[in-house]
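Coordinates in review
Spelled out from the first residue to the last, the chains are:
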Amino acid sequence: MSDILIAYFSKKGSNYVAGSVVELEKGNTEVLAEKIQALILADLFHIESVKEYPNDYYQVTEIAKGELQNNERPELTSQVADISKYTTVILAYPNWWGTFPVAVMSFLEKYDLSGKKILPLCTHEGSGLGHSVKDIQKFCPNSDVVSGLAIYGHAVKTSNTKVENWLRENGVI
Ligand SMILES: Cc1cc2nc3c(=O)[nH]c(=O)nc-3n(C[C@H](O)[C@H](O)[C@H](O)COP(=O)(O)O)c2cc1C
């Protein structure tokens, strides 16, 4: 039994990678989340919602912009059985317009992460963490939100050392 949860959002399919639009069989953040689960004893949770996105990258960016403007909170379709058993949550997400997708906001509002350590882990294509860490602090004022780690989506596959160092710094390895 583990007291660490890796909760992640990720979108496979058409995405912007290193300057061009490509088809990802598996989303960058999902690859990263699975990589971490192979390193440590942790439960993996895929944050999914009722919101289905078209495959086209440009359409998704427009939809995501609207979701933020409208402060949407899509209902989650996946559930964590018992959040109370975790002391640490590794929260992994892609940078969408400077922050995390609204489904992650639904997750942060649904589950009480008070008193838990949160490790923000963001994949991106140039904006780094954006303002995502500050946003997590707003959603989780009673959690210990540590320094986040940003990994270029196209560099996820070669990010082992960076990720391991960060996990070590935060006492997870
Ligand atoms: C809707 C949308 C908005 C994005 N906005 C940004 C952004 O503001 N800054 C950035 O660096 N990357 C942005 N990206 C690129 C993603 O953060 C990056 O490709 C990420 O690794 C995707 O992770 P995923 O494959 O797990 O979904 C955006 C991608 C999408 C689909």
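Here goes a summary of the coordinates provided.

Reading the values: rules and limits
- Going along each chain's sequence as written, the residues are numbered from 1 onward.
- Where totals are concerned, whole chains, interfaces and linings use all residues; where local detail is concerned, this predicted model gives features only for residues with pLDDT of at least 70, and gives and counts side-chain atom pairs only at 80 or more.
- Only hydrogens and water are set aside when side-chain values are computed; all heavy atoms of the structure are taken into account.
- Being near a molecule or strand, for a residue, means having at least one of its heavy atoms within 4 Å of it.
- Under this definition, polar contacts are N or O atom pairs within 3.5 Å; protein pairs additionally need one hydrogen-donor-capable and one acceptor-capable atom, and for neighbouring residues in sequence, both atoms have to be side-chain atoms.
- Areas reported here follow the Shrake-Rupley algorithm with a probe of radius 1.4 Å; residue values treat only the protein chains shown as occluding.
- As a rule, the C-alpha atoms of each element are fitted with a line to give its axis, helices using only the stretch in contact, and angles between N-to-C directions run from 0 to 180 degrees.
- Helix and strand assignments come from DSSP, with helices taken as H or I runs of at least 4 residues and strands as E runs of at least 2, each series counted from the N terminus.
- Relative orientations are named as follows: roughly parallel for angles under 35 degrees, roughly antiparallel for angles over 145 degrees, roughly perpendicular for angles from 65 to 115 degrees, and oblique for any other angle.
- The sense of a crossing depends on the near helix, which, turned anticlockwise from the far helix by less than a right angle, makes the crossing left-handed and, turned clockwise, makes it right-handed.
- The contact criterion used is simple: two residues touch if any of their non-hydrogen atoms lie within 4.5 Å.
- What counts as a ring pair is set by centres within 6.5 Å for rings of Phe, Tyr and Trp (its six-membered ring), and what kind of pair is set by the plane angle: stacked under 30 degrees, edge-to-face over 60, tilted for all other angles.
- Burial classification: accessible surface area is computed with a 1.4 Å probe over protein chains only, and a residue below 20% of its type maximum counts as buried, one above 50% as exposed, and the rest as partly exposed.
- Take the residue count of a helix, subtract one, and multiply by 1.5 Å to get its expected span.
- Of the grid points, spaced at 1 Å and generated over the protein atoms alone, those admitting a 1.4 Å probe that cannot get out make up cavities, while open sets with protein on both sides within 12 Å along at least five of seven lines make up pockets; any residue with an atom within 4 Å of a point is treated as lining.
- Grid points are joined across faces, edges and corners, and a volume is the space filled by probe spheres set on the points.
- Three classes are used: nonpolar for Ala, Val, Leu, Ile, Met, Phe, Trp, Tyr, Cys and Pro, charged for Asp, Glu, Lys and Arg, and polar for all others, with Gly counted as polar.

Quick look at the site of the ligand now. Close to the ligand lie 23 residues; Ser10, Thr29, Asn95, Thr123 and Ser127 are nearest. In the model, an oxygen atom of the ligand is placed 2.6 Å from a nitrogen or oxygen of the serine 10 side chain. Contacts to the ligand include threonine 123, whose side-chain N or O atom sits 2.7 Å from an oxygen atom. Compared with its free state, where it exposes 640 Å², the ligand has 94% of that area covered by protein.

On to the packing of helix H1 (residues 28-39) against helix H5 (residues 160-169). Pairs of packed helices are described in terms of their axes, by the angle between the two and the distance that separates them. With their axes 11 Å apart at the nearest point, H1 and H5 run at an angle of 60° to one another. Judged by the inter-axis angle, H1 sits oblique to H5. In this structure, H1 crosses over H5, and the sense of that crossing is right-handed. The segment H1 lies against H5, with Leu32, Lys35, Ile36 and Leu39 engaging Asn160, Val163, Glu164 and Leu167.

The tally for this structure, following the rule as stated, stands at eight aromatic pairs. Ring geometry for tyrosine 16 versus tyrosine 57: centroids 5.7 Å apart, planes at 20°, classification stacked. Of this pair, tyrosine 16 sits in strand S2 (residues 13-17) while tyrosine 57 sits in helix H2 (residues 57-69); the two residues are 41 residues apart in sequence, bridging distant segments of the chain. Judged by its relative accessible area of 31%, tyrosine 16 falls in the partly exposed class. The interplanar angle of 50° and the centroid separation of 5.2 Å between the aromatic rings of phenylalanine 107 and tyrosine 111 together place this pair among those described as tilted.

Before going further, it helps to spend a moment on H2. For H2, with 13 residues, the first-to-last C-alpha span of 19 Å sits near the 18 Å given by 1.5 Å per residue. Along H2, the positions that sit buried rather than exposed are Tyr57, Val60, Thr61, Ala64, Gly66 and Glu67. Considering only its buried residues, H2 is in contact with S2, strand S3 (20-24) and helix H3 (102-110). Two to three positions downstream of the cap, the backbone nitrogen of tyrosine 58 sits 3.1 Å from a side-chain oxygen, assigning the N-cap of H2 to aspartate 56. The positive-phi residue at the C-terminal boundary of H2 is asparagine 71, with phi of around 50°.

On to the layout of surface pockets. Volume-wise, the largest pocket comes out at about 480 Å³. Taken together, 24 residues make up the lining of the largest pocket; nearest its centre are Asn15, Tyr16, Tyr57, Asn95 and Trp96. Among the elements of the structure, S2, H1, H2 and strand S6 (117-124) are those that each provide at least two residues to the lining of the largest pocket. In terms of residue count, the dominant contributor to the lining of the largest pocket is H2 (four residues). A per-class count over the lining of the largest pocket returns eight nonpolar, 14 polar and two charged. The space that makes up the second largest pocket amounts to roughly 370 Å³. Lining the second largest pocket are 16 residues, and of these Ser10, Lys11, Lys12, His46 and Glu48 lie nearest its centre. Here the residues of the lining of the second largest pocket sort into four nonpolar, six polar and six charged.

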